[in-house]
Amino acid sequence: MAVLFSSEADDPTAWVEALTCRLPGIEMRIWPEVGDVRDIEVALVWRCPPGDLRRYPNLRLICSLGAGVEHVLADSDLPPGVPVTKIVDPDLTAGMSEYVLAAALHYHRQFPIYAAFQRDGRWKKLRRPDTARRRIGLLGLGELGCDAGAKFVALGFPVAGWSRTPKSVPGIESFAGADGLHPFLARTDILICLLPLTAATRGIVNRETLAALPKGAYVINATAVAASRRHAGGILSAPVSGRDLD
Ligand SMILES: NC(=O)c1ccc[n+]([C@@H]2O[C@H](COP(=O)([O-])OP(=O)(O)OC[C@H]3O[C@@H](n4cnc5c(N)ncnc54)[C@H](OP(=O)(O)O)[C@@H]3O)[C@@H](O)[C@H]2O)c1
């Protein structure tokens, strides 16, 4: 059995060192030097060439070398029936939470208004917004949504999340499925998208979604499902659009 490593972005040496340290005897093959394709049973991949995974007749597992599997599923020529997994990295999760909290607090604490005051050379103090009344809504309540949600809860925000299936997460109100989307949007002042990009979620942040938000709501898109963005790889590098719907 051999493990294929195929990534245009990662340093194979570090991965091989780390894996052989934990799994002595593991045989790693670094793409494109794959040797006998029949040996490959596990593939560790990040944006590998489309169709390449079909070449390995004994492949049993495809593991994305990242937090998402969009780049794997974008390959229309995947071998059928092979499970696809991803990496859950607490450091990356914490970094994403830090990002969405920073973005949400930026709007919640009215930094754009203060920046405009500063540009105009004005000193003016605004009333502190009421955290308990600023409703955070997380599209996606998985690894990233739950972590960010818990941090918003700790700050005192009312938090809800929307997912495919209902969740029971302390302090977070759960909405699920198509029927749950509009009630979820209607109670959301800062909408944060942490959904994976799939056929079902592509374009979910659209005119109708935005119109269902309360007036003056903000949207932070931290993953890849904005209707207006198109790109080859399926993953945006954490763009944020703070959008005042006034
Ligand atoms: N831009 C970046 O830098 C960056 C960094 C890290 C991650 N990401 C992306 O963030 C995405 C989310 O990561 P994660 O670790 O939180 O994923 P996850 O643990 O798989 O959670 C995904 C969440 O989305 C929900 N969901 C999926 N499809 C849905 C649908 N059709 N309708 C409603 N809810 C749906 C899932 O609901 P159920 O649990 O009910 O299925 C789950 O709550 C990943 O796909 C990754 O690519 C981006």
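Residues numbered from 1 in each chain as written. Predicted model: local features only at pLDDT ≥ 70, side-chain atom pairs only at ≥ 80, totals over all residues. Heavy atoms only, no water.

Caption draft 1: The arrangement of the packing of aromatic side chains in detail. Applying the stated criterion across every chain yields a total of 5 aromatic pairs. Where Y107 meets Y218, the ring centres are 4.8 Å apart and the plane angle is 25°; that geometry is what we call stacked. You can see Y107 sitting in helix 3 (residues 90-108) and its partner Y218 sitting in strand 10 (residues 218-221), a full 111 residues away along the chain. (Phe/Tyr/Trp six-rings, centres within 6.5 Å; stacked < 30°, edge-to-face > 60°. Helix = DSSP H or I, 4+ residues; strand = E, 2+ residues; numbered from the N terminus.)

Caption draft 2: The site of the ligand, seen in detail. Contacts to the ligand come from 25 residues, most closely from E70, K86, R164, T165 and K167. Within the contact set of the ligand, an oxygen atom lies 3.2 Å away from a backbone nitrogen or oxygen of G142. Bound to the protein, the ligand loses 84% of the 930 Å² it would expose on its own. Elements that contribute at least two residues to the shell around the ligand include exactly helix 3, helix 5 (143-155) and strand 7 (159-163). Of the residues assigned to the shell around the ligand, the class counts are 13 nonpolar, 7 polar and 5 charged. (Near = heavy atom within 4 Å. Polar contact = N/O pair within 3.5 Å; in protein donor to acceptor, adjacent residues only side chain to side chain. Areas by Shrake-Rupley, 256 points an atom, 1.4 Å probe, with all protein chains shown as cover. Nonpolar A, V, L, I, M, F, W, Y, C, P; charged D, E, K, R; others polar.)

Caption draft 3: Geometry of the confidence of the model for the protein. Counting all residues, the mean pLDDT for the protein is 90, and 91% of those residues have values of 70 or more. Counted against residues more than four places away or in other chains, residues 226-246, with its pLDDT under 50, gives 50 contacts. (pLDDT = per-residue confidence, 0-100. Contact = heavy atoms within 4.5 Å.)

Caption draft 4: Representation of empty space enclosed by the protein. Considering all chains together, one arrives at 2 cavities of 30 Å³ or more under this definition. Taken as a whole, the largest cavity spans an internal volume of roughly 40 Å³. If you trace the largest cavity, you find it lined by A67, K86, I87, V88, D89, L92, T93, E143 and L144. Elements supplying a minimum of two residues to the lining of the largest cavity: helix 3 and helix 5. For the second largest cavity, the calculated volume is near 40 Å³. Every residue along the wall of the second largest cavity is listed here: V45, C48, L53, H71, V72, D75 and L78. Grouping the constituent residues of the lining of the second largest cavity by class yields 5 nonpolar, 1 polar and 1 charged. (1 Å grid on protein atoms, 1.4 Å probe; cavity = no way out; pocket = protein on both sides within 12 Å on 5 of 7 lines; lining within 4 Å. Points joined across faces, edges and corners; volume = space filled by probe spheres on them.)

Caption draft 5: Structural context of the pattern of salt bridges. Across all of its chains, the model carries 8 salt bridges by this definition. A salt bridge links R60 to E41; its shortest N-O distance comes to 2.7 Å. One end of the pair, R60, is in the loop between strand 3 (40-46) and strand 4 (61-64); the other, E41, is in strand 3, with 19 residues separating them in the sequence. (Salt bridge = Lys/Arg side-chain N within 4 Å of Asp/Glu carboxyl O.)

Caption draft 6: Quick look at unusual backbone geometry. Cis peptide bonds are those with omega within 30 degrees of zero, and the linkage from W31 to P32 qualifies with 10°. Position of P32 relative to the elements: it lies in the loop between strand 2 (28-30) and strand 3. Located in the positive-phi region is R47, a residue other than glycine, with phi close to 50°. Tracing the sequence through the fold places R47 in the loop between strand 3 and strand 4. Take R47: its relative accessible area is 31%, and that puts it in the partly exposed class. The phi angle at Q110 is positive, at roughly 60°, despite the residue not being glycine. With respect to the helices and strands, the residue Q110 is situated in the loop between helix 3 and helix 4 (111-119). (Buried < 20%, exposed > 50% of the residue type's maximum accessible area, 1.4 Å probe, protein only.)

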